[in-house]
Amino acid sequence: MNFAVKNIYGKTNCNPVSVEVPGSKSITARAMLIAAIADGVSTLYGAQFSDDCRTFLNCLSHLGINHSRDGNTLKIEGCGGRLPKTYAELDVGSAGTAARFLPAFLSLCEGEFLLRCSAQMRTRPVAPLIGALRALGAKFAFLERENEYPFIIYGTANANADIEVDVSKSSQFLSALLLSAPCADRTVKIKVCGKHGRDYVDMTKNVMRSFGVNVTESDASFTVEGRYQPKRYRIEPDVSAACYFYAMNRILGTSVSVNGVMQNSLQGDAKFIKLLQSFDGGKIDASAFSDQALTLAAIAPYFSSPTEICGVAHIRGQECDRIRAIKVNLAAMGVRCEEREDGVKIYPSQPGAAHIDTFGDHRVAMAFALTGLRADGIVIDNAEVCAKTFADYFAVFADVSEKLTK
C-alpha cells in the first residue's frame, strides 16, 4: 500500500483536534512478561496489540501462559516463575522486545527452548545478552552462527547471582535481565559496562516496582530482590506514537493533542514533545529519545537553522539503518543532508516531490509522512509497515488532516 500525503500547509483551521493512539508498546511488553512471571492473574488495561505485541503474546501462549483479551484489556495467568512447559519452539519475528526479553526469561526456566526470528531481526545485536545469560548459567546451541539467532536455550534452575552485561548496543539487554531476575529465587546483582540511554531502563524499574519487585542501583550495578505479585495495571498511551502528532503541530501551527499523554510519563520520548515547543534548529543529542531521530529529521527542513542530530549511532542497527534512511529520503526530496557516524546534519529547504523508501521500517513510514504536510507529491511506499506498532496510523493521520482543513 502506498500513501499519498496531502499538503495542507496554509489551509488549516484553528480548531483543536484530539487523537487516540495505542497503548505503549514498551510498557505493554514489560507488563506482559511480568504478568506471565507473577503468581496469579494480572489485568492489563490499555494494552497495545500491534504486530510486535501480538508476537510477544503468542510466544507466551506457546510457553503455556494462559491469557484472555477483551478489547484493549488483557488478563494473564502467571506461572509463578516456573513454566508449565519444558520444551517449546518460538518465533519472535521482528519484535525486538520479544527477541531480547524472552531469552533472559527462558534462561531462568528449566527446559529446552528453540528460538527463531525474521531475517530483519538477525541483523540486530544480541551477542552481549547471550554472553550475560551464559554467565547466568544457561547453555546455548546455535543453529547457524555463533551468538546469533536461531538458537536453542537450555535453561537453568540454579542461576548465578552475579553477572555483567554490556549495554553499549542496546539498553534492552539490561532490561531483559532485570525483568526476569525474580525467577532466580534469590537476590541478583547485575553489573553494567558500556553506556546507553537510561530512559527505557528507568521505565523497566518503574514497572517492576509496580508489581512488587525492588530494584536498587549503586556504582553501575543493579540489585533485584523480591517476587512479582499479580496486579491490575493501566498502560499509558504510546508516547512514541503521540510524537508524530505533536510534530505536526510544530510545522503547521495546529492544536492537535493526544488523549492520555501525561507530563510525568514513564516514556523517554516525552522529552521530544518538550523539545518541540522551542526547537528551531541547532545541535541536539537525541540519545534520550532516539526513536524520534527520524521524526526530527523529517521536519528539520522547515526549521530556520540547520539541525544537527547526534548521539544515535545505534539506530543504524534497528529495523533498518535509520541514519542511512534519513540521508536517502531527504536526498530524494532535494534536501541537503550530511550523514555522520552517529547522526545527520540537515539544512533548511523546501522538499520536493518524492517516493519515500521505508526500508521495511515502521518509523521511517510514519515520520516522513509529516514532511508531506508541507510539500507536494510525497508518497509513502509500503505504508503498511506501520502495523509493527500502529496499524491504523495512516487512517488516523488522514482523519486528523481532514479535520484540520474543514
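Scroll up to find the structure.
Residues numbered from 1 in each chain as written. Predicted model: local features only at pLDDT ≥ 70, side-chain atom pairs only at ≥ 80, totals over all residues. Heavy atoms only, no water.

1. Some points on the overall build of the chain
Thought 1: In terms of helices and strands, the chain carries 13 helices and 21 strands.
Thought 2: Structurally, the chain occupies a C-alpha span of about 65 × 40 × 40 Å along its principal axes.
Thought 3: Relative to its full complement of 406 residues, the chain shows a buried share of 57%.
Thought 4: Contacts in the chain between residues at least 24 apart in sequence constitute 73% of all its contacts with a sequence separation of at least 6.
Thought 5: Carbon and sulfur atoms make up 45% of the accessible area of the chain, which totals about 15,700 Å². (Helix = DSSP H or I, 4+ residues; strand = E, 2+ residues; numbered from the N terminus. Buried < 20%, exposed > 50% of the residue type's maximum accessible area, 1.4 Å probe, protein only. Contact = heavy atoms within 4.5 Å. Areas by Shrake-Rupley, 256 points an atom, 1.4 Å probe, with all protein chains shown as cover.)

2. A short note on the pairing of strand β13 (residues 221–225)
Thought 1: Where burial is concerned, most of β13 is hidden: four out of the five residues are buried.
Thought 2: As defined by bridge partners, strand β11 (residues 188–193) adjoins β13 across four bridges and the pair is classed as antiparallel. Bridged to Lys191 within β13 is Ser221.
Thought 3: The pairing of strand β12 (residues 214–218) with β13 spans five bridges and is classified as antiparallel. (Pairing = 2+ DSSP bridges.)

3. Brief notes about the sheet that holds strand β5 (residues 73–77)
Thought 1: Pairing in this open sheet of four strands is mixed, and the strands run β4-β5-β3-β14 from one edge to the other. The two strands at the open ends of the sheet, each matched to only one other strand, are β4 (67–70) and β14 (232–234). Across the sheet, the axes of successive neighbouring strands diverge by a mean angle of 15°, strand direction being ignored.
Thought 2: Relative to β5, β4 runs antiparallel, the two sharing four bridges. (Axes fitted to C-alpha atoms, helices over the stretch in contact; angles between N-to-C directions.)

4. Some details on the pairing of strand β7 (residues 111–116)
Thought 1: In this structure, strand β6 (residues 87–91) lies alongside β7, joined through five bridges in parallel fashion. Residue pairing across strands places Asp91 opposite Arg116, the latter belonging to β7.
Thought 2: Running through helix α3 (residues 96–107), the crossover from β6 to the neighbouring parallel element β7 is right-handed.
Thought 3: Relative to strand β9 (residues 151–155), β7 is paired through five bridges, and the arrangement is antiparallel. Residue pairing in the sheet places Leu114 in a bridge with Ile152 of β9. (Right-handed = clockwise from strand over helix to strand, strands pointing away.)

5. As for the packing of aromatic side chains
Thought 1: Applying the stated rule across the entire model yields 16 aromatic pairs.
Thought 2: Relative to Phe151, the ring of Tyr149 lies with its centre 4.4 Å away and its plane at 40°, an arrangement referred to as tilted.
Thought 3: Using a relative accessible area of 4% as the deciding quantity, one classes Tyr149 as buried.
Thought 4: You can call Phe151 buried: its relative accessible area is 0%. (Phe/Tyr/Trp six-rings, centres within 6.5 Å; stacked < 30°, edge-to-face > 60°.)

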